[in-house]
Amino acid sequence: MNGLGKILIVDDHAEMQAMMLRFLEPLGHAVSSALDGQQAMRLLESEDFNVVLLDLMLPDISGMDIFKYIREVRPETEVIVLTAFASIESAVEALRLGAYDYITKPCRAAAIRSVVGRAFEKQHLLARLAAIHDLSRELALSLDVAHVAETVLDLSLIHI
């Protein structure tokens, strides 16, 4: 899935955004960033992101409120929580909302790349499972061998 995904970094520190961008650049995905919650919300309304790296402490809107918004409008998006102020409460809330991971700052490049890579792999596997499900439904409902063969070919070309 390299080079096909989109990542959003939401962090109010430009230095942290620049560092995350350097960390993620080798993965080959398109990366956007937002310095505050309002900017993040506008980007989330206008674009589909596979992964959001979300700081919990923002100047205008809490990271948890943005997380809740993501779950409402883009539930398939993987959210990786970043925080310099880790607490049991925020970790539990993030996990309850379905965070893919919870990372404390400062963090290492290898850790960020690994977590983001795994989040993309999860999405890729879910897409493949959905294709298999669609195919099995098509096979179960169809008696036309030519139609089934065409469907198998279509799905294999899309999800390779």
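Values in this document were obtained by computation on a predicted structure and should not be read as measured data.

Looking now at the overall build of the chain. Looking only at helices and strands, one finds six helices and five strands in the chain. Counting helices and strands in the order they occur from the N terminus, the chain gives β-α-β-α-β-α-β-α-β-α-α. Considering only residue pairs separated by 6 or more positions, the chain has 61% of its internal contacts joining residues 24 or more positions apart. Carbon and sulfur atoms make up 60% of the accessible area of the chain, which amounts to about 9000 Å² in all.

What follows concerns the nonpolar core. Ranked by internal contacts, the top residues of the largest apolar core, which has 25 residues, are V10, L44, V52, I66, F67 and V81. If you list the elements that add at least two residues to this core, you get β1 (6–10), α2 (37–46), β3 (51–55), α3 (63–73), β4 (78–83) and α4 (88–96). In terms of residue count, α3 provides more of this core than any other element does, five residues in total. For V81, the residues in contact, after removing those within four places along its chain, are L54, L56, F67, A94, A99, D101, Y102 and I103. In this structure, I7, V51, I112 and V115 belong to the second largest nonpolar core, which totals 19 residues.

Attention shifts here to a nonpolar patch on the surface. On the surface, a cluster of nonpolar side chains totalling about 310 Å² of accessible area is made up of L126, L129 and I132. Note that L129 resides in helix α5 (residues 109–141). Classification of L129 by relative accessible area gives exposed; the value is 54%.

Right, let's talk about the confidence of the model for the chain for a bit. Per-residue pLDDT for the chain has a mean of 87; in total, 93% of the residues score no lower than 70. By mean pLDDT, helix α6 (residues 145–158) is the weakest element of the chain at 72, and β1 is the strongest at 97.

Per the stated rule, a full pass over the model turns up zero aromatic pairs. Sitting over the face of the ring of F49, K6 holds its NZ or CZ atom 5.4 Å from the ring centroid.

To continue, consider the packing of helix α1 (residues 14–24) against α5. Where α1 meets α5, the closest approach of the two axes is 9 Å, and the angle between their N-to-C directions is 65°. The orientation of α1 relative to α5 falls into the category roughly perpendicular. Regarding α1 and α5, the two cross each other, and that crossing is right-handed. For the pair α1 and α5, contact is made by M20, R22, F23 and L24 and by A109, I112, R113 and V116, respectively. Here the contact of α1 with α5 is built from residues that sort into six nonpolar, no polar and two charged.

For the rest of this paragraph, the subject is the sheet that holds strand β2 (residues 30–34). Ordered in space as β2-β1-β3-β4-β5, the five strands form an open sheet in which the pairing is parallel. Looking at the sheet topology across the chains shown, the edges are occupied by β2 and β5 (101–104). The mean angle between the axes of side-by-side strands here comes to 20°, regardless of whether they run parallel or antiparallel. Pairing of β1 with β2, which is carried by five bridges, proceeds in the parallel orientation. Of the residues in β2, the one forming a bridge with V10 is A34. The strands touched by α1 within the sheet are β1, β2, β3 and β4, with β1 carrying the most contacts at an inclination of about 155°. Strand contacts of α2: β1, β2 and β3, with the helix running at about 140° to β2, the strand carrying the most contacts.

Parameters and conventions
- Residues numbered from 1 in each chain as written.
- Predicted model: local features only at pLDDT ≥ 70, side-chain atom pairs only at ≥ 80, totals over all residues.
- Heavy atoms only, no water.
- Helix = DSSP H or I, 4+ residues; strand = E, 2+ residues; numbered from the N terminus.
- Contact = heavy atoms within 4.5 Å.
- Areas by Shrake-Rupley, 256 points an atom, 1.4 Å probe, with all protein chains shown as cover.
- Core = buried A, V, L, I, M, F, W, Y, C linked by side-chain atoms within 4.5 Å.
- Buried < 20%, exposed > 50% of the residue type's maximum accessible area, 1.4 Å probe, protein only.
- Patch = residues over 30% accessible without salt bridge, like charges linked within 9 Å, V, L, I, M, F, W, Y side chains within 5 Å.
- Salt bridge = Lys/Arg side-chain N within 4 Å of Asp/Glu carboxyl O.
- pLDDT = per-residue confidence, 0-100.
- Phe/Tyr/Trp six-rings, centres within 6.5 Å; stacked < 30°, edge-to-face > 60°.
- Lys NZ or Arg CZ within 6 Å of the ring centre and 35° of its normal.
- Axes fitted to C-alpha atoms, helices over the stretch in contact; angles between N-to-C directions.
- Parallel < 35°, antiparallel > 145°, perpendicular 65-115°, else oblique.
- Left-handed = near helix turned anticlockwise from the far one by under 90°.
- Nonpolar A, V, L, I, M, F, W, Y, C, P; charged D, E, K, R; others polar.
- Pairing = 2+ DSSP bridges.

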